[in-house]
Amino acid sequence: MTYVAPNSVQARDIASIVHPQTNLVQHLELGPMVIGRGDGCRIYDDNGTEYIDAAAGLWCASYEQMRKLGYYHLYRGTTNEPGVDLAEKLLSIAPVPMSKVLFQCSGSEANDTALKLVWYYHHAIGKPEKRKIIGRSMGYHGSTSASISASGKPDMHADFGLPFPGFLHTEYPHYYRHHIDGESEEQFATRLADSLEQLILREGPETCAAFIAEPVMGAGGGLTPPRTYWEKIQAVIRKYDMLFIADEVICGFGRTGNMWGSQTYDLKPDMISSAKALSAGMQPISATIINQRVFDAMLDESRKLGNFAHGYTYAGHPVTTAVAMETLRIYDEMDMIGHVQRVGPYLQSAIGKFADHPLVGEVRGVGLMTGIEMVADKTTRAQFSPARKVGATVDKHARANGLITRFVGDRIAFSPPLIITEEEIDQVADRLGKALDATWAELRAQ
Ligand SMILES: Cc1ncc(COP(=O)(O)O)c(C=O)c1O
């Protein structure tokens, strides 16, 4: 065993990162080769030893050096300090005890990695038949073949021949739209948890591998879960020994008023996917954070197969990790979470006042995320016919008034930049009000 000095980049790397195409067991013993600097065709390790990189990284030569090391990869046990810094930071702020981090370039890939690790995990523990992935209708986890299969967006499956077999979808927690008259939020949550359990029993629990979900549904229309939903759903996942992937791509880094949506809703995931605000969108980077249970199974596979045969060329690209690290530092410096906790309620009440508008059936949100739903009849909750394109009409009038919204059917989801101020929220509300009034006038004129 080579000597790895405590607190060295090597030791910190061993404790925090999963490397592509690497024997994970050997890596724990031998540690990484640390790339400190690059210059033309040459790279230098942290002792200053020079190498000509005759493989050009993974066939990528970087002539323009960005910062110290314009490009390097994490394959075959190689590392660099910005990646280690970021992995450590993510582990230190994770909502539940976590063990390691895998890097990718997008939220889709973070979820794709997590889904592959579900299959790998169940193979490692001797249950290869446990393969089915359960997502939720209207859930969104990305555009790769597997992440869109886990998503419940029929428009994104159509004519792609997706979802792949073995991807199932349970009901999504849209209380306003789907509760039965007189049903409380708690009763609705119980019904959805029962429905998930029935799905698992129908499919055979021995074949159900994992549940994947966003703490708050973003692309589904900014849908916050009804009371007791998460505790009931998690109880079912645990009962059938399934892994739980929390897709924090939207919720992570403050959106819901805590660092993670998992903290806002007391989730205990085995894996977390994060992206977007991880670098404030400044660099394409995502991170999949995994717990010890998953990593232990991966070590077993390295003992058996000799190599963790997964990875992306740009995983942990030093420019992306350095930018993400700086982003998280700036969030801390600005007290971004505190800011969201201060302005979030202001947004909720500014948009909340439109609950009285004749077009609006529901306004509901958390932190800096809120959804409003337009209905034809506020008492019966009857929907407009899709042909009237009410959501699109509000969006059209919003744009005419200088407001960009995101509509999903007749629902509008708001997720403004985390730095938004109260004055800017007033402007959002003012412009939204004009758009709703113009839509209402247009509908009445039809
Ligand atoms: C919850 C969630 N997961 C995953 C993704 C996919 O991320 P990306 O577009 O970076 O691949 C998105 C994108 O909006 C998302 O909202």
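Since the structure is predicted, the reported quantities are computational estimates derived from the model, not experimental observations.

### Considerations on the sheet that holds strand S5 (residues 100–104)
Taken together, 7 strands build an open sheet; the order of strands is S5-S11-S10-S9-S8-S6-S7 and the sheet is mixed. Each edge of the open sheet is held by one strand with a lone partner, namely S5 and strand S7 (167–170). On average, adjacent strands in this sheet sit at an angle of 20 degrees to one another, irrespective of strand direction. Here strand S6 (residues 132–136) pairs with S7 via 4 bridges, running parallel. Its bridge partner being in S7, Gly135 is matched across the sheet by His169. Along the sheet face, helix H5 (residues 107–124) touches S5, S6, S7, strand S8 (208–213), strand S9 (243–247), strand S10 (271–274) and strand S11 (286–290) and points at about 175 degrees away from the line of S9.

### Here's the deal with the layout of surface pockets
Put simply, the largest pocket is a space of about 690 Å³. Per-element accounting of the lining of the largest pocket gives the leading share, 3 residues, to H5. Within the lining of the largest pocket, the residues separate by chemical class into 16 nonpolar, 11 polar and 5 charged.

### Let's talk about the environment of Leu168
With respect to the helices, strands and loops of the structure, Leu168 is situated in strand S7. Judged by relative accessible area, Leu168 falls into the buried class, the value being 16%. For Leu168, the residues in contact, after removing those within four places along its chain, are Lys132, Ile133, Ile134, Gly135, Leu199 and Glu203.

### What to know about the confidence of the model for the protein
Counting all residues, the mean pLDDT for the protein is 92, and 95% of those residues have values of 70 or more. In this model residues 55–65 is a low-confidence stretch, pLDDT under 50, and it forms 18 contacts with partners more than four residues away in sequence or in other chains.

### Overview of the pattern of salt bridges
In total, this model carries 26 salt bridges according to the counting rule given. In this structure, the salt-bridge partner of Asp241 is Lys127, at a minimum N-O distance of 3.9 Å. One end of the pair, Asp241, is in the loop between helix H10 (229–239) and S9; the other, Lys127, is in the loop between H5 and S6, with 114 residues separating them in the sequence. Overall, Asp241 belongs to the partly exposed group, its relative accessible area being 34%. The partner of Asp395 in a salt bridge is Arg399, with the nearest N and O atoms 3.4 Å apart. Residue Asp395 and its partner Arg399 are both found in helix H15 (residues 390–400); the two are separated by 4 residues, about one turn of the helix. With a relative accessible area of 8%, Asp395 lands in the buried category. The class for Arg399 is partly exposed, based on a relative accessible area of 48%. Here the residues in one salt-bridge network are Arg12, Glu81, Asp85 and Glu88, joined through shared partners.

### Quick notes on the side chain of Lys100
Along the polypeptide, Lys100 turns up in strand S5. No salt bridge is formed by the buried Lys100; the nearest opposite charge belongs to Asp296, separated by 7.9 Å.

### Here's the deal with the sheet that holds strand S14 (residues 406–408)
Ordered by their spatial adjacency, 4 strands build an open sheet running S12-S13-S15-S14, and the pairing between neighbours is antiparallel. Each edge of the open sheet is held by one strand with a lone partner, namely strand S12 (360–366) and S14. Recorded for the sheet is a direction-independent mean angle of 20 degrees between the axes of neighbouring strands. In this sheet, strand S15 (residues 411–414) lies alongside S14 in antiparallel orientation, the contact comprising 3 bridges. Residue pairing for S15: Val408 is matched across the bridge by Arg411.

### A look at helix H16 (residues 422–445)
For H16, with 24 residues, the first-to-last C-alpha span of 35 Å sits near the 34 Å given by 1.5 Å per residue. Restricting attention to buried positions, one finds in H16 the residues Ile425, Val428, Ala429, Leu432, Gly433, Ala435, Leu436, Thr439 and Leu443. Summarising the contacts, the buried residues of H16 are in contact with helix H14 (336–352), S12, strand S13 (369–374), H15 and S15.

### Brief notes about the packing of helix H1 (residues 9–16) against helix H4 (residues 81–93)
Any two packed helices are characterised by how steeply their axes cross, that is the angle between the axes, and by the distance between the axes. The contact between H1 and H4 brings their axes to 9 Å, and the two run at 45 degrees. As judged from the angle between their axes, H1 and H4 are oblique. The crossing of H1 and H4 is left-handed. Residue-level contacts link Val9, Arg12, Asp13, Ala15 and Ser16 of H1 to Glu81, Val84, Asp85, Ala87, Glu88 and Leu91 of H4. The residue makeup of the contact of H1 with H4, split by class, is 5 nonpolar, 1 polar and 5 charged.

### Thoughts on helix H12 (residues 292–305)
With 14 residues, H12 extends 19 Å from end C-alpha to end C-alpha; this agrees with the ideal 20 Å at 1.5 Å per step. Of the residues making up H12, those classed as buried are Val294, Phe295, Ala297, Met298, Leu299, Glu301 and Ser302. Contact partners of the buried residues in H12: helix H2 (24–30), S5, H5, S9, S10 and S11. The residue sitting at the N-terminus of H12 and contributing the capping side-chain oxygen is Asn291; that oxygen lies 3.3 Å from the backbone nitrogen of Arg293. Looking one or two residues past H12, Gly306 carries a phi angle of roughly 85 degrees, positive in sign.

### Re the environment of Pro154
Tracing the backbone shows Pro154 in helix H7 (residues 154–157). Classification of Pro154 as exposed rests on a relative accessible area of 57%. Remark: the alpha-carbon pair of Pro154 and Ser137, spanning 17 residues in sequence, is separated by 8.6 Å.

### Points about the site of the ligand
The local shell around the ligand consists of Ser106, Gly107, Ser108, Asn111, Tyr140, His141, Gly142, Glu214, Asp247, Val249, Ile250 and Lys276. In the environment of the ligand, a nitrogen atom lies 3.4 Å from a nitrogen or oxygen atom belonging to the backbone of Tyr140. Within the complex, 82% of the 390 Å² of free accessible area of the ligand lies under protein. Assessed atom by atom at 2 Å from the grid points, the ligand resides in the largest pocket. Per-element tally for the shell around the ligand: the top contributor is H5, with 3 residues. Here the shell around the ligand is composed, by residue class, of 3 nonpolar, 6 polar and 3 charged.

Calculation notes
Residues numbered from 1 in each chain as written. Predicted model: local features only at pLDDT ≥ 70, side-chain atom pairs only at ≥ 80, totals over all residues. Heavy atoms only, no water. Pairing = 2+ DSSP bridges. Helix = DSSP H or I, 4+ residues; strand = E, 2+ residues; numbered from the N terminus. Axes fitted to C-alpha atoms, helices over the stretch in contact; angles between N-to-C directions. Contact = heavy atoms within 4.5 Å. 1 Å grid on protein atoms, 1.4 Å probe; cavity = no way out; pocket = protein on both sides within 12 Å on 5 of 7 lines; lining within 4 Å. Points joined across faces, edges and corners; volume = space filled by probe spheres on them. Nonpolar A, V, L, I, M, F, W, Y, C, P; charged D, E, K, R; others polar. Buried < 20%, exposed > 50% of the residue type's maximum accessible area, 1.4 Å probe, protein only. pLDDT = per-residue confidence, 0-100. Salt bridge = Lys/Arg side-chain N within 4 Å of Asp/Glu carboxyl O. Lys, Arg positive; Asp, Glu negative; His and termini not counted. Expected span 1.5 Å × (residues − 1). Parallel < 35°, antiparallel > 145°, perpendicular 65-115°, else oblique. Left-handed = near helix turned anticlockwise from the far one by under 90°. Polar contact = N/O pair within 3.5 Å; in protein donor to acceptor, adjacent residues only side chain to side chain. Near = heavy atom within 4 Å. Areas by Shrake-Rupley, 256 points an atom, 1.4 Å probe, with all protein chains shown as cover. Sits in = over half its atoms within 2 Å of the grid points.

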